Amino acid sequence: MEGSPDLPPVNGGPSGAVRTGGSASSGTGSVRLEGVTKTFGDFTAVSDMDLEIADGEFFTMLGPSGCGKTTTLRMIAGFEQPTAGKVLLDGVDVAGQPAYKRPTNTVFQSYALFPHMTLEDNVGFGLKRKKVPKDEIKRRVAEELERVGLSREAKRKPAQLSGGQQQRVALARALVNLPKVLLLDEPLGALDLKLRKGLQVQLKKIQRDVGITFVYVTHDQEEALTMSDRIAVMNNGKIEQCDDPETVYERPATTFVAGFIGVSNLMPAVATSGSEVRIADGPTISTPGAARFSPNERCFAVVRPEKLTVSTDEAAPSDQPSVDGVVESSLYLGTSTQMTVRVAGDVRMTVLVPNASEAARQSLPGGGARVRLSWLPEHMHLVADSGDDRAEEAAPEQTNPTEGAR
Ligand code: ATP
């Protein structure tokens, strides 16, 4: 495990916030996909995708294994050519342009550093091949090693570094080329959880510092929520929703997105009019979201686990929408207790109750207890059925129980 490196401040610092020197980083780093499709034989990996990524954006493609994230990234990089559609970088159609001619660089999950070279030689390797003057190589390599907090380790070889440090060398090696767009394919995937979380914060800071466009691929929803300006949630080669992290979490567009990002808590419902929805075997609730559905159209009501209140029937707030159910299990997670409550229609709802005090935790209803789940109307969101129930299976594990079930 590595220590916390001294990274330069977000807006400047010794290495400077503005990327000067070299030519590649001048101009903008926007990415545009127009109707991009990629097929392998008769299999469609990416299907008619339209996407616009702004200059300087931290953009994440998130989705389960096989949904087409890497294929999309590889088409932007130039490692794959689209079967149909266009890729535009800075407004220029890059069809047929090989990867090395594009203003992009890619950081992969495997660092692929040269083991016999020092860090500075690894980082400067590409510049040396491009015959950049020695003084400039020295300056730019020093600048990037400082940016990733590895100046003191410059003379070490990769084997003398931790996994996280090696990944930061790989990052410096990409940034030293002054790309307009940095493509990152699960770069933290091989690292343990604690290290990954530390590097997420550092990566975001580095991105703000260098100000270039990052296109990031991950299947880890928490990682995507932590770092991104916008997230494209992908499923079966298509984007199901593209929004900022808060919108994707608070107002998922489909059942797939609701299930992949967080715990879905989907209650079957029917829109009864332009302004109301009826939860199956439950209350009719007035909500502006109902306007998106035709009368009698089926949909699902989503309430996130931390927004639900669990109480015994008598103690439940009478002025809030609620459903009745039976506690199936209760799991101590350290900072909170996770309860599973079965409500009408055999729907299992997850409730997270903060462990504010030991007494409050001890008084929570246990397995078999009849309870009422209530929520504020503004915490309920209606989603369309995406007809895909893979989301929950595909979603990474959400919880990390620190003690067994009570
Ligand atoms: P993961 O997170 O597992 O890397 P992903 O979302 O990045 O998944 P892709 O690598 O883009 O998924 O692959 C999308 C689909 O395309 C997968 O079903 C994969 O098997 C298929 N695929 C990718 N590359 C090829 C190839 N060269 N030939 C045939 N099929 C391919």
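What you see is a predicted model; the values in this text were computed from it and never measured.

Colleague: Give a description of unusual backbone geometry that names residues and reports values.
Modeller: Unlike most non-glycine residues, Asp281 shows phi in positive territory, near 55 degrees. Take Asp281: there are 13 C-beta atoms within 10 Å of it, and that puts it in the partly exposed class. At Asn296, a position not held by glycine, the phi torsion is positive, near 75 degrees. We classify Asn296 as exposed; it has 10 C-beta atoms within 10 Å.

Colleague: Give me the sheet that holds strand S6 (residues 104–107): which residues, what numbers.
Modeller: One open sheet holds the six strands; their spatial order is S6-S7-S8-S3-S9-S10, and the pairing between them is mixed. If you trace the sheet from one side to the other, it starts and ends with S6 and strand S10 (238–243), each paired once. Direction aside, neighbouring strands of the sheet carry axes that sit 20 degrees apart on average. Here strand S7 (residues 181–185) runs beside strand S8 (residues 213–218); their pairing, made up of five bridges, is parallel. Its bridge partner lying in S8, Leu182 is registered against Phe214. Against the sheet, helix H4 (residues 163–175) contacts S6 and S7, and its axis sits at roughly 170 degrees relative to S6.

Colleague: I'd like a description of helix H2 (residues 119–129), backed by residues and values.
Modeller: Each α-helix winds once per 3.6 residues, and so residues spaced three or four apart point in a common direction. Within H2, the full set of buried residues consists of Leu119, Glu120, Asn122, Val123, Gly124 and Leu127. As for H2, its buried residues are in contact with helix H3 (134–147) and H4. Looking at the residues trailing H2, positive phi occurs at Lys131, about 60 degrees.

Colleague: Account for the sheet that holds strand S17 (residues 336–343), with residues named and values stated.
Modeller: Read from one edge of the open sheet, five strands run S15-S19-S16-S17-S18, paired in antiparallel fashion. The open sheet has two free edges, formed respectively by strand S15 (309–311) and strand S18 (347–354), since each of these has just one partner strand. With strand direction ignored, the average angle separating the axes of adjacent strands in the sheet is 40 degrees. Direction of pairing for S15 relative to strand S19 (residues 370–374): antiparallel, over a ladder of three bridges. Its bridge partner lying in S19, Val310 is registered against Leu373.

Colleague: Can you tell me about the nonpolar core, naming the residues and giving the values?
Modeller: Judged by nonpolar contacts, the single largest core of 92 residues is most densely connected at Ala172, Leu182, Val215, Val233, Ala301 and Leu373. Looking at this core, the element that brings in the most residues is H4, giving six residues. The residues contacting Ala172, other than those within four sequence positions of it, are Val123, Glu144, Leu145, Arg147, Val148 and Leu150.

Colleague: Tell me about the site of the ligand, residues and numbers included.
Modeller: Neighbouring the ligand are the residues Phe40, Phe43, Ala45, Gly63, Ser65, Gly66, Cys67, Gly68, Lys69, Thr70, Thr71 and His219. Of all the secondary-structure elements, those providing two or more residues to the shell around the ligand are strand S2 (43–53) and helix H1 (69–77). The element that contributes the greatest number of residues to the shell around the ligand is H1, accounting for three residues. In the shell around the ligand, the residues fall into four nonpolar, seven polar and one charged.

Colleague: Describe the packing of H2 against H4, naming the residues involved and giving the relevant values.
Modeller: Across the interface, H2 lies against H4 with an axial gap of 8 Å and an inter-helix angle of 30 degrees. Of the possible angle classes, the one that applies to H2 and H4 is roughly parallel. Between H2 and H4 the crossing geometry is right-handed. Contacts between H2 and H4 involve Leu119, Asn122, Val123 and Gly126 on the former and, on the latter, Val169, Ala172 and Arg173. Along the lines of polarity and charge, the residues of the contact of H2 with H4 split into four nonpolar, two polar and one charged.

Colleague: Pulling in residues and values, what's your account of the confidence of the model for the protein chain?
Modeller: For residues with low pLDDT, the predicted coordinates do not support detailed interpretation. The pLDDT averaged across the protein chain works out to 85; a share of 87% of its residues lies at or above 70. Low pLDDT, under 50, characterises residues 1–26; the stretch is placed with 43 contacts to residues that sit more than four places away or in other chains. Within the model, the stretch residues 397–406 combines pLDDT values under 50 with 16 contacts to residues more than four positions away or in other chains.

Colleague: So what about the environment of Asp121? Which residues, and what values?
Modeller: Residue placement: Asp121 occurs in helix H2. Along the primary structure Asp121 and Ile137 are separated by 16 residues, whereas in three dimensions their C-alpha atoms are 9.7 Å apart.

Colleague: For the environment of Val248, give the residues involved together with the corresponding values.
Modeller: Inspection of the secondary structure assignment puts Val248 in helix H7 (residues 245–250). As for Val248 and Ala258, which are separated by ten residues in sequence, their C-alpha atoms are 8.1 Å apart. Sequence-distant contacts of Val248, that is, excluding residues within four places in its chain, are made with Ile231, Val233, Gln241, Asp243, Val257 and Ile261.

Colleague: Describe the pairing of S18, with residues and values.
Modeller: Side-chain direction in a regular strand flips from residue to residue, so the side chains alternate between the two faces of the sheet. Bridging between S17 and S18 involves eight bridges; their strand directions are antiparallel. In the sheet register, Val341 faces S18, and the bridge partner there is Met349. The turn joining S17 and S18, which pair antiparallel and follow one another in sequence, is formed by three residues; a positive phi near 75 degrees is taken by Gly345.

Colleague: Before we move on, can you summarise the pairing of S10 with the specific residues and values?
Modeller: Relative to S10, strand S9 (residues 230–235) runs antiparallel, the two being bridged by five bridges. Bridging from a neighbouring strand, Met234 pairs with Ile239 of S10. With antiparallel pairing between neighbouring strands as the criterion, S9 and S10 make up a hairpin whose turn holds two residues, including Asn236 at a positive phi of roughly 50 degrees.

Colleague: Describe the environment of Val310, listing the residues and the values that go with them.
Modeller: Tracing the backbone through its elements, the reader meets Val310 in strand S15. For the pair Val310 and Leu364, spaced 54 residues apart in sequence, the C-alpha to C-alpha distance is 8.5 Å. The residues contacting Val310, other than those within four sequence positions of it, are Met339, Val341, Val351, Val353, Pro365, Val371 and Leu373.

Reading the values: rules and limits
- Residues numbered from 1 in each chain as written.
- Predicted model: local features only at pLDDT ≥ 70, side-chain atom pairs only at ≥ 80, totals over all residues.
- Buried ≥ 20, exposed ≤ 12 C-beta atoms within 10 Å, placed from the backbone.
- Pairing = 2+ DSSP bridges.
- Helix = DSSP H or I, 4+ residues; strand = E, 2+ residues; numbered from the N terminus.
- Axes fitted to C-alpha atoms, helices over the stretch in contact; angles between N-to-C directions.
- Contact = placed C-beta atoms within 7 Å.
- Core = buried A, V, L, I, M, F, W, Y, C linked by C-beta atoms within 7 Å.
- Near = placed C-beta within 6 Å.
- Nonpolar A, V, L, I, M, F, W, Y, C, P; charged D, E, K, R; others polar.
- Parallel < 35°, antiparallel > 145°, perpendicular 65-115°, else oblique.
- Left-handed = near helix turned anticlockwise from the far one by under 90°.
- pLDDT = per-residue confidence, 0-100.

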